[in-house]
Each structure stands twice: as structure tokens, then as C-alpha cells.
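# Coordinate analysis (summary)
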Protein chains: 2
Amino acid sequence: MGRGYKWGQKLAGHGFRLTAAREAILDVLSSTNEHVSAEDIYMTVHADNPRIGLTTIYRTLELLEQTGIICKFEFGHGRAKYELSEANSHKKHHHHLICKKCRKIIDYTEFAKAEREYIQKAETGLEKKYRFTIDDHLIHFYGICPECKTG
Amino acid sequence: MGRGYKWGQKLAGHGFRLTAAREAILDVLSSTNEHVSAEDIYMTVHADNPRIGLTTIYRTLELLEQTGIICKFEFGHGRAKYELSEANSHKKHHHHLICKKCRKIIDYTEFAKAEREYIQKAETGLEKKYRFTIDDHLIHFYGICPECKTG
DNA sequence: ATGATAATGGAAACCATTTTCACTATAGAG
DNA sequence: CTCTATAGTGAAAATGGTTTCCATTATCAT
Ligand SMILES: [Mn+2]
Ligand SMILES: [Mn+2]
Ligand SMILES: [Zn+2]
Ligand SMILES: [Zn+2]
């Protein structure tokens, strides 16, 4: 029951195999708190295993997103970024604080109570009024980080 | 004091001219409630004035965004979408409800009180804890619209 | 082992957006 | 009004992240 076991189980549950490439990609995602791009992952994986191509990175990221193992974010900075989903990391449910200048992205988990209240009220109300079935939400705050203010 | 007057003033305040192309683009944005892409705008503008090129659409959208006249959204569907900013339309402050299947986007303005409470609390707290200066936020809810459920 | 299917990598294609560059329109000086 | 500097423009080319193609390889069930 090695490190890959958990992922193997997860993927098998969706009819996929845990290959070396997939494990390498999941390793990168598991061992960072950053929000990494396909190319970030490619470069890290490539250092250890140059046989793994960028195409496989993209394919795997799509697969992992479909199976709910990772989340994809388009912060509007050109390239998509990924992180392990809540259920698959020790990260708590969080939202993002983004510096408009340097593009730093901070996960914050505070204000959970106030957030739950608002989200819950809004979701219920929107489901009723617009007859949507809502299953996800996204909250970003934008501003200037302390480094960019003084710099 | 024609229709373009207001825009002329706004742009002049930033050192820009109100040209025919810019007015045409602002007309499109003013006369829709949808979230339109550069190409949407191009096609509409092009019908009346085929001399206006797509490059100018992109350039103008960037300019209008910089001057705060419009807002750009990257909903993650490949192309950016634009709408007049709050101050420049009769739309109220709103957020978005998005169908994951058909990509329909609904503006909602409900829950303003609960939202203000949460936003206010979060912003204050985040500014204090992370020393950011926050000036914007974005909230999206995702789900399936009624048409896509029955379809 | 064998055949069926899943996974892979490199090259090419895709496609929204940006850049380049030569040209045109305009405002402001004189 | 004319001249000139500058702002604005369009077509074509470039860009760059992502996707598709296709021939090859790995893996699973029999
Ligand atoms: Mn995050
Ligand atoms: Mn909107
Ligand atoms: Zn910053
Ligand atoms: Zn729908």
C-alpha cells in the first residue's frame, strides 16, 4: 500500500489506470500549496522523467478535473491553474485573494461563518427564483498586495 | 448634445477621442443586456460599418476596460466577455449565475444585504490580515439551468 | 501468448488575442 | 487655413496556451 494506492483506487473507481505519468503529476500537485499551471507541472515532472510529454500533462489534468480530483481555475492570466480539490488535499474550503499587480494568489479560509450564511441564502434563493440546481461557487477578492504597494 | 456626448466626455477625461469605431462599439455594449465577446461586437459593428476591423474592437475593449467604462469577464469558455460597468449602465451591482451545460449567464442582484455583510466583513478582515488593499470582488454560482435539466 | 483497449508523445492544428507596420484622420500650433 | 505631430486604424503576421491527430507502446482480460 504505497503512496500511489489512494490515487489508484480513486482512478479505478472511474475506470482509469494510475500510470507513471499520472502519478508523477499527482505528486507535483500533492506536494505544493501553489496554484500550478500545466507548464509548471510539465517542468517539474520533466526534470525526473523527460519521457513524459506536455500533451500527457494536459490530458491528465483534464481527466483529473473530470473525476473531481483537482480543480481548474482561470484567473485570467493566460494559463489555467490547478490545485487538488478539497476532498483530496488537507486544504480546507477556501477562496482567493489576488494581487492585480504581481498576480500573487492567496488562499484564505477565514469568515467561514459569514460566508456560509451568505452562500446558503443566495444558493437557496437562486435555486428557487431561477430554477437552477447549484453545486458550486467561486469567490475572488482583488487588490494590491503589501509588497506591490511599497515596491 | 447627441448620444455620443457622454462617452466623448468620459474618454476625453482620459485623453482619448471618441471615434466612429469607439462609438459603434459603445453602442453595441449599451444596447444589450448580454455579456458579449469581441467577436459578437465585431459582427454587429461590421454589419453597419464593414470598415471597422477586429483589431480595433480588441484595442477599444482594452481601452474601455482601462478607463473603467466596461468590465471584462473570463468565464472560462474560451473567449472573454464584456459588459458596461455599473457606473455606465442602468444595471445594478450584480453577480453571476452560470449554467455549466449551456453556458447561459444570468445577472442576479438579490441578496444584496447578506452579500454586503459578508463582503464587508471579508474585505476588512483580509485587508487587516494580509495587508492587501482590496478594491474588487467576483462571485459566481455554477449549476444547471432548468432548460438543461429537462432537455 | 493474443487480441482488445487504454495511454502516450511529438508534430501539427487550433484559435482567441496581440503585435507589427504602413497608412489615415484629427487636433492644435502658427 | 495649412502644416505637423500624434492618435487611431486595418490587414496580415505572430503569439502562445491548449487541443487534435496519428502512429506507437503499455496493460488488461481471456
Ligand atoms: Mn486555492
Ligand atoms: Mn453581468
Ligand atoms: Zn502584488
Ligand atoms: Zn443551461
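Notes on the structure follow.

Cut-offs applied
Residues numbered from 1 in each chain as written. Chains lettered and ligands numbered in written order. Predicted model: local features only at pLDDT ≥ 70, side-chain atom pairs only at ≥ 80, totals over all residues. Heavy atoms only, no water. Least-squares fit on C-alpha atoms with pLDDT ≥ 70 in both. Contact = heavy atoms within 4.5 Å. Buried area = accessible area lost by both parts, 1.4 Å probe. Salt bridge = Lys/Arg side-chain N within 4 Å of Asp/Glu carboxyl O. Polar contact = N/O pair within 3.5 Å; in protein donor to acceptor, adjacent residues only side chain to side chain. Helix = DSSP H or I, 4+ residues; strand = E, 2+ residues; numbered from the N terminus. Expected span 1.5 Å × (residues − 1). Buried < 20%, exposed > 50% of the residue type's maximum accessible area, 1.4 Å probe, protein only. Arc of directions from axis to C-beta. Pairing = 2+ DSSP bridges. Axes fitted to C-alpha atoms, helices over the stretch in contact; angles between N-to-C directions.

Screw-axis analysis of chain A against chain B gives a translation of 0.0 Å along the axis, an RMSD of 0.0 Å, and a rotation angle of 180°. What the superposition gives is, in effect, a two-fold axis relating one chain to the other. Taking the C-alpha atom as reference, chain A places Ile139(A) closest to the rotation axis, 2.3 Å from it. Take the interface residues of chain A: 100% of them recur as interface residues in chain B, which is what a same-surface contact looks like.

Across the boundary between the two partners, chain A contributes 40 residues, which contact 40 residues of chain B. Surface buried jointly by chain A and chain B totals about 3700 Å² across both partners, of which 68% is contributed by carbon and sulfur atoms. Looking at the side of chain A facing chain B, the largest losses of area belong to Tyr118(A), Phe132(A) and Phe141(A), adding up to 22% of the total buried there. Between the two partners, chain A and chain B, sit four salt bridges. Between Lys129(B) and Glu110(A) there is a salt bridge, and its shortest N-O distance comes to 2.5 Å. The interface formed by chain A and chain B contains 18 residue pairs in polar contact (both at pLDDT 80 or more). Of all the elements, strand E6 (residues 133–144) of chain A adds the most residues to the side of chain A that touches chain B, at twelve residues.

Further remarks concern helix H5 (residues 112–130) of chain B. All names here are of chain B. Taking 1.5 Å per residue as the helical rise, H5 with its 19 residues ought to reach 27 Å, and the 26 Å between its terminal C-alpha atoms agrees with that figure. Listed as buried for H5 are Ala114, Glu115, Tyr118, Ile119, Ala122, Gly125, Leu126 and Tyr130. Down the axis, H5 shows its buried residues gathered within 145° of arc, on one side only. Those residues of H5 that are exposed and aimed more than 90 degrees away from the buried face are Lys113, Arg116, Gln120 and Lys128. Note on H5: the residue one or two positions beyond its end, Arg131, has a positive phi of about 60°.

Our next topic: unusual backbone geometry. Residue and element names in this part refer to chain B. The backbone of Arg103 sits at a positive phi, close to 70°, despite the residue not being glycine. Following the sequence through the fold, Arg103 ends up in the loop between strand E4 (95–99) and strand E5 (105–108). In this structure, Arg131 is a non-glycine residue whose phi angle is positive, near 60°.

Bringing the sheet that holds E6(A) into the picture now. Here we have six strands laid out as an open sheet, ordered E5(A)-E4(A)-E6(A)-E6(B)-E4(B)-E5(B), and mixed in their pairing. Both outer strands of the open sheet, strand E5 (105–108) of chain A together with E5 of chain B, are each paired with one neighbouring strand and no more. The mean angle between the axes of side-by-side strands here comes to 25°, regardless of whether they run parallel or antiparallel. Where E6(A) and strand E6 (residues 133–144) of chain B come together, eleven bridges link them in antiparallel fashion. Bridge pairing in E6(B) places Ile134(A) opposite Gly143(B). Each of strand E4 (95–99) and E6 of chain A together with E4, E5 and E6 of chain B touches helix H5 (residues 112–130) of chain A; the most contacted strand, E6(A), lies at about 130° to it. Where H5(B) meets the sheet, it contacts E4, E5 and E6 of chain A together with E4 and E6 of chain B, and its direction lies at approximately 130° from that of E6(B).

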